[in-house]
Amino acid sequence: MGVLEKIAEIESEMARTQKNKATSAHLGLLKARLAKLRRELIEPKGGGGGKAGEGFDVAKTGDARIGFVGFPSVGKSTLLSNLAGVYSEVAAYEFTTLTTVPGVIKYKGAKVQLLDLPGIIEGAKDGKGRGKQVIAVARTCSLIFIVLDVLKPLGHKRLIEHELEGFGIRLNKEPPNIHFRKKDKGGINFQPSVPQSELDSDLVKQILAEYKIHNADILVRYDASADDLIDVIEGNRVYIPCIFLLNKIDQISIEELDIIYKIPHCVPISAHHKWNFDDLLEKMWEYLDLVRIYTKPKGQLPDYEAPVVLDHRHSAIEDFCNKLHKSLIKEFKYALVWGSSVKHQPQKVGKEHILHDEDVVQIVKR
């Protein structure tokens, strides 16, 4: 019996089971089994899988990477060529030897790579087609654009979310605030700091037993679900912000548009007419949450043309040095910073100092 048949069997059993207090433990177990099977799909057992030459690796260029996901014929390609065409430099198409990078746009000083992820939807979960490689690329994106047809958005949205969730991609979610640590002896120590509606020590023990873990500390700091616990145990989940683009708004009325605007994480656009692109780019910038740092050579004006762009989670002086050159941190003495992250202008800081957007930095070497 293949992995897919097992997954289908478990899913149908979960659908048949009524949800209540008595069955919650059973459902938790099924969820854990399902997660283990899905992991086999993402990372198959036994190396050497996949034929050579069908790699879908895209060289990472620019400061951030955005993946476009959507069903066929919702206007992904139109959107890509219009975005990359309108806001891009001349070399919008970089023909690399791997696969074509569809577009690089420059926005507020940051270079953003736009990738069309083909065929994610049609049976990618079953490992059909290039599904797996595409998903591997999707997991490295800083932001995902899900392109939907405004006339039938919700059905598609659910399908795509379900498909991506199955691959361990969590959209617009924070990692669960659960501390999980394996140990050598002492049994399962489950400590919730707030009352739990779903998890109790028996269910936690059952889920952990499914992973053959019998000694562990688990500290839960909020009302968590069994899925959250499984995500933490699996440890291979990626948390990516996501924006839903409702395309083809030229086919609906103004009243409908007003309603659409109230949906969270949504931007209505028309790829064909290039409507509402500025709103889309503004939201893209907000969700990417990049930090631009300007360099200042000694005795010269800051270079405002080419900022060094960092991820907001890794925006310390040390990350800034590593982005410029790997050997710079060895010669680092201190840095002078102008901007909103310091009290005095300029201020001497060490390598642990966290930088804010649009700070100016001068590195002083030993």
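Nothing here was measured: the structure is a model prediction, and the numbers come from that model. (Residues numbered from 1 in each chain as written. Predicted model: local features only at pLDDT ≥ 70, side-chain atom pairs only at ≥ 80, totals over all residues. Heavy atoms only, no water.)

Over its twelve residues, helix 9 (residues 277-288) runs 16 Å from end to end, which matches the ideal 16 Å to within 8%, given 1.5 Å per residue. All buried positions along helix 9 are accounted for by Phe 277, Leu 280, Leu 281, Met 284, Trp 285, Tyr 287 and Leu 288. With its buried residues spanning 170° around the axis, helix 9 presents them on a single face. Away from its buried face by more than 90 degrees, helix 9 exposes Asp 278 and Glu 286. Within two residues after helix 9, Asp 289 carries a phi angle of roughly 55°, on the positive side. (Helix = DSSP H or I, 4+ residues; strand = E, 2+ residues; numbered from the N terminus. Expected span 1.5 Å × (residues − 1). Buried < 20%, exposed > 50% of the residue type's maximum accessible area, 1.4 Å probe, protein only. Arc of directions from axis to C-beta.)

Okay, the sheet that holds strand 11 (residues 266-268) next. Ordered by their spatial adjacency, six strands build an open sheet running 2-3-1-4-10-11, and the pairing between neighbours is mixed. Since the sheet does not close on itself, it has two edges, and those belong to strand 2 (103-107) and strand 11, each with one partner. Pairs of neighbouring strands in the sheet enclose a mean axial angle of 25°, with direction left out of account. Contacts from helix 9 reach strand 1 (64-70), strand 2, strand 3 (110-116), strand 4 (143-149), strand 10 (242-247) and strand 11 within the one sheet, and its direction differs from that of strand 2 by about 85°. (Pairing = 2+ DSSP bridges. Axes fitted to C-alpha atoms, helices over the stretch in contact; angles between N-to-C directions. Contact = heavy atoms within 4.5 Å.)

This part takes up the pattern of salt bridges. Going through the model one piece at a time under the given rule, you end up with 16 salt bridges. Residue Arg 181 is joined to Asp 217 by a salt bridge in which the shortest nitrogen-to-oxygen separation is 2.8 Å. Placement of the pair is Arg 181 in strand 6 (residues 178-182) and Asp 217 in strand 8 (residues 216-220), with a sequence separation of 36 residues. Owing to a relative accessible area of 44%, Arg 181 belongs among the partly exposed residues under this scheme. Judged by its relative accessible area of 16%, Asp 217 falls in the buried class. Linking Arg 237 and Asp 231 is a salt bridge whose minimum nitrogen-to-oxygen distance equals 2.7 Å. Of the two residues, Arg 237 and Asp 231, both sit in the buried class. Counted as one network, the salt bridges with shared partners bring together Glu 165, Arg 170, Lys 173, Asp 231 and Arg 237. (Salt bridge = Lys/Arg side-chain N within 4 Å of Asp/Glu carboxyl O.)

Overall, the predicted model of the chain reaches an average pLDDT of 79, with 84% of residues at or above 70. Within the chain, the element-level pLDDT minimum falls on helix 4 (residues 131-138), averaging 70, and the maximum on strand 15 (residues 347-349), averaging 91. Taken as a whole, residues 47-55 scores under 50 in pLDDT and shows three contacts with residues more than four places along the chain or in a different chain. Within the model, pLDDT remains below 50 along residues 87-100, and this stretch shows 30 contacts once partners closer than five positions in the same chain are excluded. (pLDDT = per-residue confidence, 0-100.)

Applying the stated criterion across every chain yields a total of three aromatic pairs. Judged by centre distance (6.1 Å) and plane angle (70°), the ring pair of Tyr 107 and Trp 285 falls under edge-to-face. Taken together, the positions of Tyr 107 in strand 2 and Trp 285 in helix 9 put the pair 178 residues apart, joining distant regions of the chain. Across the pair, Trp 285 and Tyr 107 agree in class, each one buried. With centroids separated by 4.8 Å and ring planes inclined at 75°, the aromatic side chains of Tyr 294 and Tyr 304 adopt a geometry described as edge-to-face. Of this pair, Tyr 294 sits in strand 12 (residues 290-295) while Tyr 304 sits in strand 13 (residues 303-311), placing them ten residues apart in sequence. (Phe/Tyr/Trp six-rings, centres within 6.5 Å; stacked < 30°, edge-to-face > 60°.)

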